[in-house]
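The primary structure of each chain is shown beneath.
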Amino acid sequence: MDEKINILMVDDQPGKLVTYEAMLGELGENLIKAHSGMEALEHLLKTDIALVLMDVSMPGMDGFETAEMIRGHPRFQNTPIVFVSGIHVTDLDRLKGYEHGAVDYVSVPVIPQLLRAKVKVFAELHRKTKQLEVLNARMTTLRDEERRRLARELHDSVGQLLAAISMNIVFVQEESHKLSPDGAKRVSENAAMVEEAGKQIRTISHLLHPPLLDEVGLASALHWYVEGFSERSKIDAKVNIPQNLAGLSKEMELSIFRVVQECLTNIHRHSGSPTAGIRIVQDEACLTVEVEDAGKGIPSEKQSACGTLCHTGVGLRGMRERLRQLGGTLQVQSNGQGTRVTAILPVVRAPAVPVGQEVQNGRSEGLRPVILSSLGLL
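Note that this is a predicted model, so its numbers are computed, not measured.

Conventions and cut-offs
Residues numbered from 1 in each chain as written. Predicted model: local features only at pLDDT ≥ 70, side-chain atom pairs only at ≥ 80, totals over all residues. Heavy atoms only, no water. Helix = DSSP H or I, 4+ residues; strand = E, 2+ residues; numbered from the N terminus. Buried < 20%, exposed > 50% of the residue type's maximum accessible area, 1.4 Å probe, protein only. Contact = heavy atoms within 4.5 Å. Areas by Shrake-Rupley, 256 points an atom, 1.4 Å probe, with all protein chains shown as cover. Pairing = 2+ DSSP bridges. Axes fitted to C-alpha atoms, helices over the stretch in contact; angles between N-to-C directions. Core = buried A, V, L, I, M, F, W, Y, C linked by side-chain atoms within 4.5 Å. Parallel < 35°, antiparallel > 145°, perpendicular 65-115°, else oblique. Phe/Tyr/Trp six-rings, centres within 6.5 Å; stacked < 30°, edge-to-face > 60°. Arc of directions from axis to C-beta.

What follows is about the overall build of the chain. A tally of helices and strands in the chain yields 12 helices and 10 strands. Out of the 378 residues belonging to the chain, those deemed buried represent 41%. Pairs at least 24 apart in sequence give 63% of the contacts found in the chain among residues at least 6 apart. Carbon and sulfur atoms provide 55% of the accessible area of the chain, an area that totals close to 20,800 Å².

Below is the structure:
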């Protein structure tokens, strides 16, 4: 986790970029230069950027508009932006910057020591965040492996023992005419209880890790799970999913299954909805999973927290973390008539926008529709 991080410096004046590079060089990080807002967006699309250092006043698309576009994409909502301003910064200017996604301001003339100190703090925060993400990913993997192991143990060990007990009971039942009426009744009751225990063991085993997911794929596993959920919860749940989903890894199939599982669990526990709908759609670029109910919705005081990782419940945090590891996003929309959870996962990566040469202001407008489309803002 000690590799260099990427710091994106955005300014239309090459001389200023050289100055920033000289000031920040001793930090030992990877410094990337962009001469316009559009070029900055290109770098964000193809590189993991830890911090954006951006001039406010730029021709064409200024720093505020660029920051607003960056914040408009789910992938970059948490990317810190530090504005550099050559004019006198009032409180209203700072407020405007913060509203557009800035986390800090640096005034010109820039004090090298101050700039280095600010950038160093954000660099360390980025590294710590990455370390937490690696730990979360490892915990998710270990949890999935433990679920798979427990499911196998329940099936192979406890399940086999119950099967053996059931066979013994069948033998005893054949001799039950030799028993007293009360003894024969107890044997029959034991047979029924063993059969019910076997059913519950199979259900728990399949919920921990559905074997259908490995054997026949996501579509069959989801149909099985949704049918079982409807029967257990008495909620009319319907699933609409293509039978042939292309380009899905085992990790992606498991993540989609867990997202649907968590959403339906939340609907049963909290929504009071009589229905639930699951719809999965795949196109050339991404796969979209929508889970919708017709319940009471999320209380208004909690809805704002649904957009952040730190104020949501464990279920939403877990779903977001799973999707983030695969480059996906999670959105929650709710009102008094129901809640919709939308998960979007990339399947086929779009061709990279060529950035072989500098993008001059006169040519950046030609690339603007391409960048906006890549960002999902067109």
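After that view of the structure, there is still more to cover.
The subject of this paragraph is the sheet that holds strand 5 (residues 102–107). Across the sheet, five strands lie side by side as 2-1-3-4-5; this open sheet has parallel pairing. Edge strands, defined here as strands with exactly one partner in the open sheet, are strand 2 (30–34) and strand 5. The mean inter-strand angle of the sheet, taken between neighbouring strand axes irrespective of direction, is 20°. Sheet analysis places strand 3 (residues 49–55) next to strand 4 (residues 81–85), joined by four bridges and oriented parallel.

Residues Leu218, Ile256 and Leu264 are the most contacted members of the largest nonpolar core, which totals 37 residues. Of all the elements in the fold, those that place two or more residues in this core are helix 8 (218–233), strand 6 (236–240), helix 9 (250–271), strand 7 (275–282), strand 8 (286–293), helix 11 (314–325) and strand 10 (338–346). For this core, the element with the highest residue contribution is helix 9, accounting for nine residues. In this view, Leu218 contacts Leu213, Ile241, Leu245, Leu248, Glu253, Ile256 and Phe257; residues no more than four positions away in its chain are not counted.

Ordered in space as 6-7-8-10-9, the five strands form an open sheet in which the pairing is mixed. Strands with a single pairing partner mark the edges of an open sheet, and in this sheet they are strand 6 and strand 9 (329–335). Pairwise comparison of adjacent strand axes, ignoring direction, gives a mean angle of 10° for this sheet. With seven bridges joining them, strand 9 and strand 10 adopt antiparallel strand pairing.

Taken N-terminus to C-terminus, the directions of helix 1 (residues 14–24) and helix 5 (residues 112–174) make an angle of 70°; their axes are 9 Å apart at the nearest point. In terms of orientation, helix 1 and helix 5 fall into the roughly perpendicular class. Packed against helix 1, whose contacting residues are Tyr20, Met23 and Leu24, the element helix 5 presents Pro112, Leu115, Arg116 and Val119 at the interface.

Below, the discussion takes up the pairing of strand 3. Most of strand 3 is tucked away, with seven of its seven residues classed as buried. Note: strand 1 (residues 6–10) against strand 3, five bridges, orientation parallel. Its bridge partner lying in strand 3, Leu8 is registered against Val52.

Before going further, it helps to examine the packing of aromatic side chains. One pass over the structure, following the stated rule, counts five aromatic pairs. Taking 5.2 Å as the distance between ring centres and 90° as the angle between the ring planes, the aromatic pair formed by Phe64 and Phe83 counts as edge-to-face. Here the residue Phe64 occupies a position in helix 3 (residues 63–71), and Phe83 occupies one in strand 4, the gap between them amounting to 19 residues. We note that Phe64, like Phe83, is buried. Centroid distance Phe83 to Tyr105: 5.8 Å. Interplanar angle 50°. Geometry classified as tilted. Of this pair, Phe83 sits in strand 4 while Tyr105 sits in strand 5, placing them 22 residues apart in sequence.

Taken together, the buried positions of helix 1 are occupied by Leu17, Tyr20, Met23 and Leu24. The buried residues of helix 1 occupy an angular sector of 120° when the element is viewed end-on, so they sit on one face. In this fold, the buried residues of helix 1 make contact with strand 1, strand 2, strand 3, strand 4 and helix 5.

Moving on to the environment of Ala67. Tracing the backbone shows Ala67 in helix 3. Classification of Ala67 by relative accessible area gives buried; the value is 0%. Distance in space between the C-alpha atoms of Ala67 and Thr79 is 9.9 Å, their sequence separation being 12 residues. The contacts of Ala67, once residues within four sequence positions are left out, are Met54, Ile81, Phe83 and His100.

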